[in-house]
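Overview (structure and organization)
As a plain string of letters, each chain reads:
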Amino acid sequence: EDQVTQSPEALRLQEGESSSLNCSYTVSGLRGLFWYRQDPGKGPEFLFTLYSAGEEKEKERLKATLTKKESFLHITAPKPEDSATYLCAMPYRGSEKLVFGKGMKLTVNP
Amino acid sequence: EPEVTQTPSHQVTQMGQEVILRCVPISNHLYFYWYRQILGQKVEFLVSFYNNEISEKSEIFDDQFSVERPDGSNFTLKIRSTKLEDSAMYFCASSIDRANEQFFGPGTRLTVL
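The text that follows walks through the structure, step by step, so that each part is easy to find. Source: prediction; values computed, not measured.

1. Quick look at the sheet that holds strand β8 (residues 70–75) of chain A
All names here are of chain A.
- Taken together, the 5 strands give an open sheet; going across it, the order is β1-β3-β8-β7-β6, and neighbouring strands pair in antiparallel fashion. Whereas interior strands pair on both sides, the edge strands pair on one side only; in this sheet they are β1 (3–7) and β6 (56–59). Neighbour-to-neighbour, the strand axes of this sheet turn through a mean angle of 15°, independent of strand direction.

Here's what the structure looks like:
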C-alpha cells in the first residue's frame, strides 16, 4: 500500500541551527510530492511540489529535495517563526486523493 | 493572492443534528476537495469533486455525508446526522488540475456534543 512516513516526529532547534526533515514514501509511479506547513489550528499552507528525482526547490530558509525513495526538507539557519508542523503528501496511485504523513513538529527556540 | 475561504471557523452542534460547512475555492480552480483532521492525527481525504460530480470518495464518506456546488463559487459539505466521532477540523481544498498542488482553506472546527 502507498505510504508516506515522516521522521523525526518532533524536532527542537536553536535559532540558527540548521537541520533536515525526512519524508520517505512507497508508491508506484510518483506523480509529485508536496510539502506543506501547518500552524496550530490552521490549514496546511502549500510550500513546494517536487516531481522527479534530483529536483530541488527553495523558498527563503527552506529547500526541498527529492530522490527515488525520499524527500528532504532542509532548514538553514531557522528562526522562531519557522516553528510549525511540516507535512509531506503525495497523490494516492492514480487519483487526486492526497495521502499525508503524520507531520514533523518543529520548534525553534530563540 | 487568491485563497480558499471557509465558514464558519467553529461550529458546535448536538449529536444527531445536521451541519453544513461552506467553502469558497480559488476562482479559477476546477477540482475541489474536503479533508478532515482529528486532533493529533493525520490529515485524511474525504472526497473530491469535479465537473459537478464526486470523482472520488473515501471509506469515511458514507451516506451521512454529501457535497454540493450550489452556485458558481460555493462548495459545501453536509453531514446529515452528526456523531461524536465527527468532531474534527474540516478543510476544504482546491486545485487547478488533478495533478497539481492543492491549496487548503483555514478549516472549520466541528465540535459534536
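Next, the rest of the story.
2. Comments concerning the interface of chain A and chain B
- Of the residues lining the interface, 21 residues belong to chain A; the matching set on chain B comes to 22 residues.
- Between chain A and chain B, the buried area comes to about 1800 Å², and carbon and sulfur atoms account for 53% of it.
- Ranking the residues of chain A by area buried against chain B places Glu96, Lys97 and Phe100 of chain A at the top, with a combined share of 34%.
- Our enumeration of links across chain A and chain B arrives at 1 salt bridge.
- Between arginine 98 of chain B and glutamate 96 of chain A there is a salt bridge, with the nearest N and O atoms lying 3.1 Å from each other.
- The interface formed by chain A and chain B contains 9 residue pairs in polar contact (both at pLDDT 80 or more).

3. Concerning unusual backbone geometry
- Residues serine 7 of chain A and proline 8 of chain A are joined by a peptide bond in cis, for which omega reads -10°.
- Mapping proline 8 of chain A onto the fold places it in the loop between β1 and β2 (10–14).
- The omega torsion of the bond from threonine 7 of chain B to proline 8 of chain B falls at -10°, within 30 degrees of zero and hence cis.
- On the secondary structure map, proline 8 of chain B appears in the loop between β1 (5–7) and β2 (10–13).
- In this structure, glutamate 60 of chain A is a non-glycine residue whose phi angle is positive, near 55°.
- The residue glutamate 60 of chain A is located in the loop between β6 and β7 (62–66) in this model.
- Within the chain, asparagine 52 of chain B stands out as a residue other than glycine whose phi angle is a positive 65°.
- Taking relative accessible area as the criterion, asparagine 52 of chain B reaches 59% and is therefore assigned exposed.

Basis of the calculations
- Residues numbered from 1 in each chain as written.
- Chains lettered and ligands numbered in written order.
- Predicted model: local features only at pLDDT ≥ 70, side-chain atom pairs only at ≥ 80, totals over all residues.
- Heavy atoms only, no water.
- Pairing = 2+ DSSP bridges.
- Helix = DSSP H or I, 4+ residues; strand = E, 2+ residues; numbered from the N terminus.
- Axes fitted to C-alpha atoms, helices over the stretch in contact; angles between N-to-C directions.
- Contact = heavy atoms within 4.5 Å.
- Buried area = accessible area lost by both parts, 1.4 Å probe.
- Salt bridge = Lys/Arg side-chain N within 4 Å of Asp/Glu carboxyl O.
- Polar contact = N/O pair within 3.5 Å; in protein donor to acceptor, adjacent residues only side chain to side chain.
- Buried < 20%, exposed > 50% of the residue type's maximum accessible area, 1.4 Å probe, protein only.

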